[in-house]
Amino acid sequence: MSEYNHKEIAQLFKILSNPGRVAILEALRDDEHCVCHIENRLKYRQAYISQQLILLREAGLVEDRRDGWNIYYRVTSSEVFGLIDTARTALKLPTDFKRKVTASDNCPCPKCNQLLTNVSG
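The structure presented is a predicted model; accordingly, all values stated were derived computationally and were not measured.

**Q** What is the right way to read the pattern of salt bridges from this model?
**A** Side-chain pairs of opposite charge can arise whenever the charged atoms involved come near each other. According to the stated counting rule, one finds seven salt bridges in the structure shown. Between E26 and R88 there is a salt bridge; the shortest N-O distance is 3.3 Å. Of this pair, E26 sits in helix α2 (residues 19–27) while R88 is found in helix α5 (residues 79–90), placing the two residues 62 residues apart along the sequence. Owing to a relative accessible area of 18%, R88 belongs among the buried residues under this scheme. Its salt-bridge partner being R74, residue E63 comes within 3.0 Å of it at the nearest N-O pair. Linking E63 in strand β1 (residues 62–67) with R74 in strand β2 (residues 70–75), this pair joins segments that are 11 residues apart in sequence. Exposure remark for E63: the relative accessible area of 35% places this residue in the partly exposed category. One salt-bridge network, in which partners are shared between bridges, spans E26, R29, D85 and R88.

Conventions adopted
Residues numbered from 1 in each chain as written. Predicted model: local features only at pLDDT ≥ 70, side-chain atom pairs only at ≥ 80, totals over all residues. Heavy atoms only, no water. Salt bridge = Lys/Arg side-chain N within 4 Å of Asp/Glu carboxyl O. Helix = DSSP H or I, 4+ residues; strand = E, 2+ residues; numbered from the N terminus. Buried < 20%, exposed > 50% of the residue type's maximum accessible area, 1.4 Å probe, protein only.

So far we have only geometry, and geometry alone does not tell us how the molecule works.
This is the structure in structure tokens:
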């Protein structure tokens with residue numbers, strides 16, 4: 001294994017060393033979501049989430065998709081969840097926690113509108 005490969009691996013761990021970024025990845029585990037969904041689930045400020053998404057995108061861990069005015073984020077490779085799950089197991093942390101991301105009342109995205117309609121209808 002070359003020194004270059006070691007740097008890439010270390011860079012991945014550096015990106016994953018931030019609890020906020022790990023939480024965002026976990027929020028994206030079940031599906032793609034817009035920032036409002038992630039904000040609603042994690043209770044972080046929108047600006048903080050956006051900053052962390054930029055770093056995750058630059059690292060190649062997430063990508064975005066524009067749908068009209070809305071931008072949805074998704075994980076590019078599910079293998080990152082294997083790494084997170086292995087860390088949970090090694091630390092004897094629960095692995096069966098709820099990962100549901102819910103709709104936001106003040107979000108105009110079609111996904112939130114559909115989720116809120118299904119809940120109220």
